[in-house]
Amino acid sequence: MNPFKKSSDDYQKHIAENSGDYQVKSAKHENLIAKILCVLAAVVLWFYVTITDSTTDEKTFTGISVDIRNLDRIEETLGLSLISGYDYTVDITVRGTRSELNRLNVDDISAYIDAKDISAAGEYTLPIRTSLPNGVTAGNMSVNYITIYVDKRTTISVPIEVQTSQTIESDYTLGTPELNIETVNVTGPEEELAKIDHAVAYFDLGRVSKTLISTGKLVLVDQNNVEITNPYVKLQTTEVTVKFPVYTFKDVPLTVEYKYGYYNDSNVTVTIDPSAIRIKGDPDVLADIDSIVITSLDEKKITDDLTQDVTIMLPDDIENVSGVASATVTVTHKNTETRNIEITNISVLNPNNLDYTLESDSITVCFRGTRTLLSFLNSNTVTATIDLGYLNNASGTVSVPVTISVASAIAGNVYEIGEYKMDVTIN
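This one's a predicted model, so the numbers in the text were calculated from it and none came from an experiment. (Residues numbered from 1 in each chain as written. Predicted model: local features only at pLDDT ≥ 70, side-chain atom pairs only at ≥ 80, totals over all residues. Heavy atoms only, no water.)

Draft legend 1. Representation of the overall build of the chain within the structure. Broken down by element type, the chain carries 7 helices and 31 strands. Relative to the globule expectation of 22 Å for 427 residues, the C-alpha radius of gyration of the chain, 53 Å, shows a markedly less compact shape. Counting across all 427 residues of the chain, residues that qualify as buried make up 31%. For the chain, the share of sequence-separated contacts (at least 6 apart) that also reach a separation of at least 24 residues comes to 74%. Put simply, the chain shows about 26,100 Å² of open surface, and 46% of that area lies on carbon and sulfur atoms. Within the chain, the 59 negative side-chain charges are centred at a point lying 15 Å from the centre of the 33 positive side-chain charges. (Helix = DSSP H or I, 4+ residues; strand = E, 2+ residues; numbered from the N terminus. Rg over C-alpha atoms; globule rule 2.2 N^0.38 Å. Buried < 20%, exposed > 50% of the residue type's maximum accessible area, 1.4 Å probe, protein only. Contact = heavy atoms within 4.5 Å. Areas by Shrake-Rupley, 256 points an atom, 1.4 Å probe, with all protein chains shown as cover. Lys, Arg positive; Asp, Glu negative; His and termini not counted. Charge placed at Lys NZ, Arg CZ, Asp CG, Glu CD.)

Here it is as structure tokens:
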């Protein structure tokens, strides 16, 4: 019998019995081996985790603030203050199991020094101690000791001086520096403050040709100008702003102005003594000044030739360095004379329809001008105007200003001298 044929028949029989599915059955011993391997892997993993989690390790925490214990006792009992040592930090390395270290954060770590043994003013070097959670210990620290200074703290005010170096143009001069503050407060130990004479600010201005404003650092010095660098001495402000005015000089003439413009070279001679002064100021400001007007002459109030002393007033930031504070102004009339004219041509402006009575039918006015032009003055070329518009509820006799006008052909060359009023009765 052919064995190959028998195997083929068995296979076909198996296919028929299992509806065409062919299954391969695993041996029982193969399943057992897989289970044993899984158990062994779990045991190995457990041992690894256990060993790793309990391994001693280190972790460093940086920037831990160092507290000062018993500081209240120093301040309240001894009357001293902590001058320095309140802003120290330290880096701390801690040891523990990896699981403990993983649970730590910076808030769990603290460092401090104890000031309980301080009994007087002075400098003290104290050991840094740590406070750690259970299960961890302190290792290395970036510093093991810190130095603090306690003393009686006080405050004084010291003057500020300015020192400069510069190159300046020959026509210019450097003025007195103007500081935004004249003194500065300094706080620190009483003993150290006693060594301070003043504060100084140094400025290198370079080549100077105009006013400068600059800010400089303040330095404390003793009476020998030696810098004081004590770290326990603190300036309230460390900088000063200074204006360095730069001046130049200029000779300028003195002049007068005329209120109405009636005066000119043909009808008056005006002299000023002195005729010019020397002024000092910022170069840019002086560049725009060609003369100094010392007074305004009111032509209508000058009846005759005039001599008067006038105080010389200057704009802000300009200094008179000529040595004279006033000038004499002389006005001499020429080619003109005065003449009194009686005016009967009186015009009344009465917008409020007041019931009024003029207390006079005419007014006498003094005029100045050339003889020829004065001869043209008459009732046709001169008028007087009274304005009652500002009198609303007035009653009785009121003195009202009178406005004088001349014909346009001679206006500007002939003008009245003085001020005029007329009494008006409001009925």
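And the narrative resumes.
Draft legend 2. Structural detail: the sheet that holds strand β5 (residues 122-127). Read from one edge of the open sheet, 3 strands run β2-β8-β5, paired in antiparallel fashion. Edge positions in the open sheet fall to β2 (81-84) and β5, since each of these has one partner strand only. Shown here is a sheet whose adjacent strand axes are inclined to one another by a mean of 40°, direction ignored. (Pairing = 2+ DSSP bridges. Axes fitted to C-alpha atoms, helices over the stretch in contact; angles between N-to-C directions.)

Draft legend 3. Looking closely at the packing of aromatic side chains. Scanning the entire structure with this criterion turns up 4 aromatic pairs. Ring centres of F203 and F244 lie 5.1 Å apart, and the angle between their planes is 70°; this geometry places the pair in the edge-to-face category. Within this pair, whereas F203 is found in strand β13 (residues 198-208), its partner F244 is found in strand β16 (residues 239-244), the two being separated by 41 residues in sequence. The pair F203 / F244 is uniform in exposure class, with both members buried. Ring geometry for Y258 and Y263: centres 5.4 Å apart, planes at 80°, overall edge-to-face. (Phe/Tyr/Trp six-rings, centres within 6.5 Å; stacked < 30°, edge-to-face > 60°.)

Draft legend 4. Spatial organisation of unusual backbone geometry. The peptide bond linking D273 to P274 adopts the cis configuration, its omega dihedral lying at 0°. Among the structural elements, P274 can be located in the loop between β18 (268-273) and β19 (276-281). For D317, which is not glycine, the phi dihedral falls at a positive 70°. For D317, the location among the structural elements is in the loop between β21 (306-311) and β22 (319-320). Judged by relative accessible area, D317 falls into the exposed class, the value being 68%.

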